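Residue-level structure breakdown
Next come the chains, spelled out residue by residue.
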Amino acid sequence: MTTTGNMELDGFIERYTPEVASLTFACFDKIRARIPGAMIMACDYYNALAIGWSPDDRTSHGILSLALYPRWINLCFLCGTDLPDPHGLLVGSGNQVRTIRLDDAALLDDPRIDALIAAALARSDPPVDPDAPGTIMIKSVSAKQRPRRPS
């Protein structure tokens, strides 16, 4: 299993089942390589752990995130309602976010998903500076949380 390079974030991820944790690390590595320079923010919420990529430290500028649940991971496009989705991959009915369930990190190599990521990056304002350090920041940790492993 690889790590994010941040012990606190790794600890959050390792509270999940080995399968979810392993998938998360693999997806994390692929997205980090795809979006160099992005600020990576983690929020350990009541229901899920969210790991987001943004051009800066403002969550309102977030582009996409991984949302970890006890049995699965979602790739979340934070302005997903604005993205062209000719293949109908995005699901959700909220005002902004659309998701794709990730059962395998290889899905991130799918050209259709890469096109969605490229479209989301193109809409980022401000844009991601690929020469920025791409640091990891823990933004929030909820005191009360649901179990991270299935019952």
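So, a few notes on the structure that sits alongside this text. Being a predicted model, the structure only gives us computed values, none of them experimental. Starting from 1, residues in each chain are numbered consecutively following that chain's sequence as written. Local features in this predicted model are restricted to residues whose pLDDT is 70 or higher, and side-chain atom pairs enter the listing and the counts only when it is 80 or higher, whereas totals over whole chains, interfaces and linings include all residues. To obtain the side-chain values, all non-hydrogen atoms of the structure were used and water was disregarded.

What follows covers the pairing of strand β4 (residues 73–77). In terms of burial, β4 is a largely internal element, five of the five residues being buried. Think of it in three bands: residues with accessible area under 20% of the maximum for their type are buried, residues over 50% are exposed, and the middle band is partly exposed, with areas taken using a 1.4 Å probe on protein chains only. Helix and strand assignments come from DSSP, with helices taken as H or I runs of at least 4 residues and strands as E runs of at least 2, each series counted from the N terminus. Here β4 shows two buried faces, one formed by Ile 73, Leu 75 and Phe 77 and the other by Asn 74 and Cys 76. Criterion used throughout: strands pair if DSSP finds at least two bridges between them. Inspection of the sheet shows strand β3 (residues 64–68) paired to β4 by five bridges, in the antiparallel sense. Of the residues in β4, the one forming a bridge with Leu 66 is Leu 75. In sequence, β3 turns back onto β4 through a hairpin of four residues. Summarising the sheet, β4 and strand β5 (residues 98–102) pair through five bridges and their orientation is antiparallel. When the bridges of β5 are listed, Phe 77 appears paired with Arg 98.

So, about unusual backbone geometry. Most peptide bonds are trans, and most residues other than glycine sit at a negative phi. Cis geometry marks the peptide bond from Asp 125 to Pro 126; its omega dihedral reads 10°. Take Pro 126: it is sitting in the loop between α3 (111–122) and β6 (136–141).

Read from one edge of the open sheet, six strands run β5-β4-β3-β2-β1-β6, paired in mixed fashion. Among the strands making up the open sheet, the edge pair consists of β5 and β6. Averaged over all pairs of adjacent strands, the angle between strand axes in this sheet comes to 20°, irrespective of strand direction. When checking whether two residues touch, look at their non-hydrogen atoms; a contact exists if any pair is within 4.5 Å. Helix axes use the C-alpha atoms of the stretch in contact, all axes being lines fitted to C-alpha atoms, and the angles between their N-to-C directions lie in the range 0 to 180 degrees. The sheet contacts of α3 involve β3, β4 and β5, and relative to β4 the element is tilted by about 40°.

Turning to its location among the elements, Ile 117 is positioned in helix α3. Distance from Ile 117 to Phe 77, taken between C-alpha atoms, is 8.1 Å for residues 40 residues apart in sequence. Every residue in contact with Ile 117, bar those within four places of it in the chain, is listed here: Arg 34, Leu 64, Phe 77 and Leu 108.

Note on ring pairs: Phe, Tyr and Trp rings are taken, using the six-membered ring of Trp, and paired if centres are within 6.5 Å. Classes follow the plane angle, with under 30 degrees stacked, over 60 edge-to-face and the rest tilted. Scanning all chains against the criterion turns up two aromatic pairs. A centroid spacing of 5.4 Å and a plane angle of 35° characterise the contact between Tyr 69 and Trp 72, whose relative ring orientation is tilted. What makes Trp 72 partly exposed here is its relative accessible area of 30%.

For the rest of this paragraph, the subject is the environment of Thr 4. On the secondary structure map, Thr 4 appears in the segment before α1 (7–14). In the structure, Thr 4 is positioned 30 residues away from Arg 34 in sequence and 15 Å away in space, judged by C-alpha atoms. A polar side-chain atom of Thr 4 sits 3.1 Å from the main-chain amide nitrogen of Asn 6. We call two N or O atoms a polar contact when they sit within 3.5 Å, provided that within protein one can donate a hydrogen and the other can accept it, with sequence-adjacent residues counted only if both atoms are side-chain atoms.

The next thing to look at is the pattern of salt bridges. Within this document, salt bridges are pairs made up of a side-chain nitrogen of Lys or Arg and a carboxyl oxygen of Asp or Glu, the two lying within 4 Å of each other. Scanning the entire structure with this criterion turns up six salt bridges. Linking Lys 30 and Asp 109 is a salt bridge whose minimum nitrogen-to-oxygen distance equals 2.9 Å. Of this pair, Lys 30 sits in helix α2 (residues 18–34) while Asp 109 is found in the loop between β5 and α3, placing the two residues 79 residues apart along the sequence. Looking at Lys 30, the relative accessible area reads 31%, which means it is partly exposed. A salt bridge links Arg 101 to Asp 103; the shortest N-O distance between them is 3.5 Å.

An ideal rise of 1.5 Å per residue puts 16 Å on twelve residues; α3 measures up with 16 Å between its terminal C-alpha atoms. Taken as a whole, α3 has its buried residues at Ile 113, Leu 116, Ile 117, Ala 119, Ala 120 and Leu 121. Looking at the buried residues of α3, the elements they touch are α2, β3, β4 and β5. Capping of α3 at its N-terminal end is provided by Asp 110; its side-chain oxygen lies 2.7 Å from the backbone amide nitrogen of Arg 112. Expected span, for any helix, means 1.5 Å times one less than how many residues it has.

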